[in-house]
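Letter by letter, the chains look like this.
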Amino acid sequence: MNSIKSHKDLHIWRKGMDITESVYLLVKSFPKEEKDILIHQMKRSALSIPSNIAEGFGRNSNRSFVYFLAIARGSLYELETQLLLAERFRFITDIELMNSILHQIQEEGKMINAFSKSLH
């Protein structure tokens, strides 16, 4: 991690930011009554991914970083579940964007796992 000066240098953080941005775009078309329920939870899960990566990096300890990467990974899979539920409820109108997010989630999960293993 010598060449990494900031959490913003991490590809996993940038991918988390992309996922969050995509989720915010996706939920704009959800029914208004979902604003306080599923939309709020999906945004929280998405926000948690890059936020926990940044916080883990900021702790300046591999052990702490691995802990926060595990939280980010949990939020990632929580978001995946919420996306699949939103699809079941037929809230999603942009299937292409949803599939893109699901693909990004798979990639991010693999990247977080590999990065976490490299810190042990």
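Residues numbered from 1 in each chain as written. Predicted model: local features only at pLDDT ≥ 70, side-chain atom pairs only at ≥ 80, totals over all residues. Heavy atoms only, no water.

(A) Spatial organisation of unusual backbone geometry. One non-glycine residue, asparagine 60, adopts positive backbone phi at about 60 degrees. Note that asparagine 60 resides in the loop between helix 2 (35-58) and helix 3 (62-88). According to the relative accessible area criterion, asparagine 60 is exposed, its value standing at 73%. (Helix = DSSP H or I, 4+ residues; strand = E, 2+ residues; numbered from the N terminus. Buried < 20%, exposed > 50% of the residue type's maximum accessible area, 1.4 Å probe, protein only.)

(B) Looking closely at the nonpolar core. Phe30, Ile53, Leu79 and Leu83 are the most contacted members of the largest nonpolar core, which totals 33 residues. When residues of this core are traced back to their parent elements, those giving at least two are helix 1 (11-27), helix 2, helix 3 and helix 4 (95-119). Apart from residues no more than four positions distant in its own chain, isoleucine 53 is found in contact with Leu10, Ile12, Trp13, Phe65, Leu69, Ala72, Glu108 and Ile112. (Core = buried A, V, L, I, M, F, W, Y, C linked by side-chain atoms within 4.5 Å. Contact = heavy atoms within 4.5 Å.)

(C) The arrangement of the pattern of salt bridges in detail. Under the criterion given, the structure shown has 2 salt bridges. Of the charged contacts in the structure, one is a salt bridge between lysine 15 and glutamate 107, with a shortest N-O distance of 2.6 Å. One end of the pair, lysine 15, is in helix 1; the other, glutamate 107, is in helix 4, and 92 residues separate them in sequence. Across the salt bridge formed by arginine 59 and glutamate 55, the nearest N and O atoms sit 2.6 Å from each other. (Salt bridge = Lys/Arg side-chain N within 4 Å of Asp/Glu carboxyl O.)

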